[in-house]
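# Residue-level structure breakdown
Spelled out, the chains give:
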Amino acid sequence: MSGMELQQDKSEHVQMSSSFRRRTSAEIVSEARRSLRSLATQRPFTPQEKHRQLFGESSSRAHDGRPPSAFSLHGQHFEVPDSRPGSGTRLSPLDHKPRLSLSLDKDGCDDEATLPKPPAERGNTRIGSGGSRARLLRAASINRLPPMTPHTKNMSLEARIGVDQPDDREKLHCAEVTEHKTKSSSESDLHTLIKHRIPQTDVSSEKELKPETRLGYGDTSDDNMDESVFWNTKVLPVLQEFESFAPGDGVSDEIVGQLCNSCNGLHDALAERGMLGRQCKKRSAILRTLFRLIDVGSDRLNLTLSKFILALNVSGNNLLNICKLVFKISRNASNDALFLTDSILDSLLSLLQCEDVWSKGEAVLYCVGSLKLLSGNSAISRLLLAKGFIGTLLQLSKRLMHGPSTISANATAQRSEGEGQRIIAGHILVQVTAALRNIADQSESRPSFLSNKAFFTLCLILENHRNDLDICINVARIFSKLSTYTECCHALAETPRCCSLFLDLLGKHSRKQDLVVRLLFTLGNLTAKSTEARESIYEEEGGIDVLLDLFQAYQETLSPPEQCHAPEREDVLVKLIRLLANLAIHPTVGTALAANKLCVQLLLELLECRCVKKSEELVINAVATINNLSFYQGESSVVRSQHTHISQLLLKLLLGSNMDAVLEATRVFGNLSQIKDVRHFIMQHKVEQFVITLLDSKTPDVCFSACGVLINLSADPDNRAVLRVEETVQKLIDCLRDFGPQDWHLAAVVCQTLWNCSLDGELQHSQKLLEILWLYTDRGALQWPSDDGVRQVQEACWELLFLPVAERLRQRLHIEGTTGIIQ
């Protein structure tokens, strides 16, 4: 029996029993007897980006060829012509034809000629600190609406609707000219205006109207309200108040709040009438006013305006600028709370669901970029998750990879256009994968990743963009996070060609450490849990060679003793060696690796030049890999042929103070001590004395490994005499007494060691041992765990591992007690 057999972690047994089918007793015992162990390690550290931007500081993209993260936006950057209605149908004219836009123009177009024009600038007509800024804004605002005047404020509803008398038009026109010539109202005056007028236009104010005049109230006559009435009573007063406001510095939070409420009220009123999108025939007047308010410079107000403007279905340059505006707001982490309280997230997600992403390429880029930045906030991340964010991003990715449906007739133009679209698609996918990377931090995201078949889509992205390092690193980070969970690990392992793709990327980008370390970590997770993944890597042509080439390259980089070992490079070796150890669990792969001279040579060179004190995890992983390889001791095994050299390296670790290293070295000796020359080396260098002292350890794993070595040593008669002198039997009995009921596999190994020690016909402390065996072989006298999964494991190990060898040893001791002879 091999002495290097190691016990699987009991917690793993419990987790697996609850997640998958119940295992048979034979399967439990077979797994418990396995001496090969999968190794665990920490996930590679991902530093937090210092600044919120489209592309991180470590991006592989050139600064000159990528869209900017910083820019300035003002109302003058927006284009009013965008807001013209999409329908070309011409409607019948109204009975009255006012020169001012106080009623709806039913031809579907803006009556640009009838709107009053702002007077030309006449020197410095505006005084005060805001004068020059106000003039600039006035010039940028085309065809502004007339403001509310005291005259129109006091007009009755009928008078407002039917203002078509020449006198009234002249008064309104004069009011517009006068407003241009005079100083803008102060903030306190604006506060008064908004306080008294804007609430009248809010949807909530409808409760003050009679039931038959409320909007959308059942089947009343209001359903057929003339749209001109709706415009003059619900829309125009709000727009006029906005127009009367001269944006400038020093706007109070209270004023901003009231402006936001007015915008939301107008938005809701239009939504109730079904006049959002391009159905609103006076979009240009509304958009013109909303664009002007952007210059107030409030992030809160701009976010409210952005939601409103997106609801009006802008396109082209206006859509791009709105997405840029939202991105600019999202760059400031202190604005995250604004996105939690506003429905702007729904507007952004709706934009990503559009079929024709190519016509909105750069706008989609900034839209996804905003969501990427926001997804770094855990609260927003959970909110996005609840809105189907993962599915939306994956569908967007598929559309980007399928390419545009339209093809240009000109071949040269088609190539140029295709190249531009490919570049912008790459930029968008960087944002998409980065957002998914952020979402993957949420434990609630795993079901969504699984249900949307995210691993297949992400592998497809990797395959199509394997030359784009930014995309590759983002996807690798997603996999490194999700593959730490069993259900995700199995889903990824079942994804076709994923291991082949990872190996290809490792060979292609072997010097890109942050990519290499995450791919190796993911492969290590797959091979720790999946037999199919181990087979896939081994069967991939040149797959093992890729791994060993990486091993050699990074080993040589760190070889000079005077060179300071970079932690990042060492972490690559840690993940790589762990992967080799997990691959060796598979019998075919393990046999091949044990016979691979380069593999064994690299491991031994690492142990020769590295110190456990400075590189603890690296050295321990290397010894653990040798332990797994030493299980395969066929004639082709390089580990077996190098047993003397390996024993000398292990001896240094045994004499050290690092108990993890001592444990791993003892495990390897448990395998190699099957070789007679190794047993001789152990006794010659007094290694058995150190192994015996390990039985005093209070750790079951350490005692288990020590017993593995002692079983093989006690197989030789000469060694048994030495072991009896060193009180090995007493320590073994104590170990059985202390750990038996908690670890029946360890108890079975102890009994096997005691059996070997009794082969010469005498055994010390036999009566004490017999009492323990009588107790432990009585099922009814034992206390079993209440947890069904744990109890199943313990009962199987007790019945199939411990009971046979314990009863045989008990019978031998019983005969000794009655006859005085051990048989």
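Here the structure is a predicted model, which means the values were calculated and not measured.

## Description of the pattern of salt bridges
Counted according to the given criterion, the structure contains 18 salt bridges. Between Asp738 and Arg737 there is a salt bridge whose closest N-O contact spans 3.1 Å. In this structure Arg737 comes out as partly exposed when scored by relative accessible area, which is 37%. Several salt bridges share partner residues, and in doing so they unite Glu463, Arg466, Arg497 and Asp504 into one network.

## As for the environment of Val432
Looking at the element boundaries, Val432 is found in helix H18 (residues 411-439). Residue Val432 is classed as buried on the basis of its relative accessible area of 0%. Counting along the chain gives 61 residues from Val432 to Leu371, while the straight-line C-alpha distance between them is 8.8 Å. Leaving out residues up to four positions away in the same chain, Val432 has contacts with Val368, Leu393, Leu396 and Ser397.

## Digging into the environment of Ala584
Relative to the helices and strands, Ala584 is located in the loop between helix H27 (567-583) and helix H28 (587-594). Linking Ala584 and Arg534, residues 50 residues apart in sequence, is a C-alpha distance of 8.4 Å.

## Observations concerning the packing of aromatic side chains
Considering all chains together, one arrives at nine aromatic pairs under this definition. A centroid spacing of 5.4 Å and a plane angle of 70 degrees characterise the contact between Phe327 and Tyr366, whose relative ring orientation is edge-to-face. Taken together, the positions of Phe327 in helix H12 (residues 316-330) and Tyr366 in helix H15 (residues 361-374) put the pair 39 residues apart, joining distant regions of the chain. With respect to class, Phe327 is no different from Tyr366; both count as buried. Here the aromatic residues Trp744, Tyr776, Trp784, Trp798 and Phe802 are joined through ring pairs into a cluster of three or more. Here the guanidinium or amino end of Arg273 rests over the ring plane of Phe230, the centre of that ring lying 4.9 Å away. Above the plane of the ring of Trp755 lies Arg808, whose end atom (NZ or CZ) is 4.1 Å from the centre.

## Quick word on the side chain of Ser298
Inspection of the secondary structure assignment puts Ser298 in the loop between helix H10 (283-293) and helix H11 (299-311). Residue Ser298 is classed as buried on the basis of its relative accessible area of 14%. Engagement of the side chain of Ser298 in a polar contact is seen with the backbone nitrogen of Leu301, the distance being 3.3 Å.

## Considerations on the packing of helix H36 (residues 700-713) against helix H39 (residues 744-757)
Where H36 meets H39, the closest approach of the two axes is 9 Å, and the angle between their N-to-C directions is 30 degrees. Taken together, the axes of H36 and H39 lie roughly parallel to each other. Seen along the crossing, H36 lies across H39 with a hand that is left-handed. Touching Pro700, Cys703, Phe704, Cys707, Gly708, Leu710 and Ile711 of H36 are His745, Leu746, Val749, Val750, Gln752, Thr753 and Asn756, all from H39.

## Some details on helix H14 (residues 344-352)
Every buried residue of H14 is accounted for by Ile344, Leu345, Leu348, Leu349, Leu351 and Leu352. The buried residues of H14 all sit within an arc of 155 degrees when viewed along its axis, so they share a single face. Buried residues belonging to H14 abut H11, H12, helix H13 (336-341), H15, helix H16 (378-386) and helix H17 (389-402).

## As for the side chain of Asn719
As for its placement among the helices and strands, Asn719 is situated in helix H37 (residues 717-725). In this view, Asn719 contacts Met683 and Leu713; residues no more than four positions away in its chain are not counted.

## Some words on the confidence of the model for the protein chain
The predicted model of the protein chain has a mean per-residue pLDDT of 78, with 71% of residues at 70 or higher. Predicted confidence for residues 82-91 stays below pLDDT 50, and this span has 20 contacts to residues more than four positions away or in other chains.

## Notes on the state of the cysteines
Within this structure, the stated rule accounts for zero disulfides. Here Cys703 is not disulfide-linked; the sulfur of Cys735 is the nearest cysteine sulfur, at 3.9 Å. Given the relative accessible area of 0%, Cys703 is considered buried.

## Comments concerning the packing of H17 against helix H20 (residues 454-464)
In the contact formed by H17 and H20, the axes pass within 10 Å of each other and the chain directions differ by 35 degrees. In this structure, H17 crosses over H20, and the sense of that crossing is left-handed. The residues of H20 that touch H17, namely those facing Leu394, Ser397, Lys398 and Met401, are Ala454, Thr457, Leu460, Ile461 and Asn464.

## Things to note about unusual backbone geometry
A positive phi angle is found at Arg497, which is not glycine, with a value near 65 degrees. Along the chain, Arg497 turns up in the loop between helix H22 (486-493) and helix H23 (498-508). In this structure, Glu727 takes a positive phi of about 55 degrees despite not being glycine. Mapped onto the elements of the fold, Glu727 is located in the loop between H37 and helix H38 (728-739). Judged by its relative accessible area of 52%, Glu727 falls in the exposed class.

Thresholds, definitions, all that
Residues numbered from 1 in each chain as written. Predicted model: local features only at pLDDT ≥ 70, side-chain atom pairs only at ≥ 80, totals over all residues. Heavy atoms only, no water. Salt bridge = Lys/Arg side-chain N within 4 Å of Asp/Glu carboxyl O. Buried < 20%, exposed > 50% of the residue type's maximum accessible area, 1.4 Å probe, protein only. Helix = DSSP H or I, 4+ residues; strand = E, 2+ residues; numbered from the N terminus. Contact = heavy atoms within 4.5 Å. Phe/Tyr/Trp six-rings, centres within 6.5 Å; stacked < 30°, edge-to-face > 60°. Lys NZ or Arg CZ within 6 Å of the ring centre and 35° of its normal. Polar contact = N/O pair within 3.5 Å; in protein donor to acceptor, adjacent residues only side chain to side chain. Axes fitted to C-alpha atoms, helices over the stretch in contact; angles between N-to-C directions. Parallel < 35°, antiparallel > 145°, perpendicular 65-115°, else oblique. Left-handed = near helix turned anticlockwise from the far one by under 90°. Arc of directions from axis to C-beta. pLDDT = per-residue confidence, 0-100. Disulfide = S-S within 2.5 Å.

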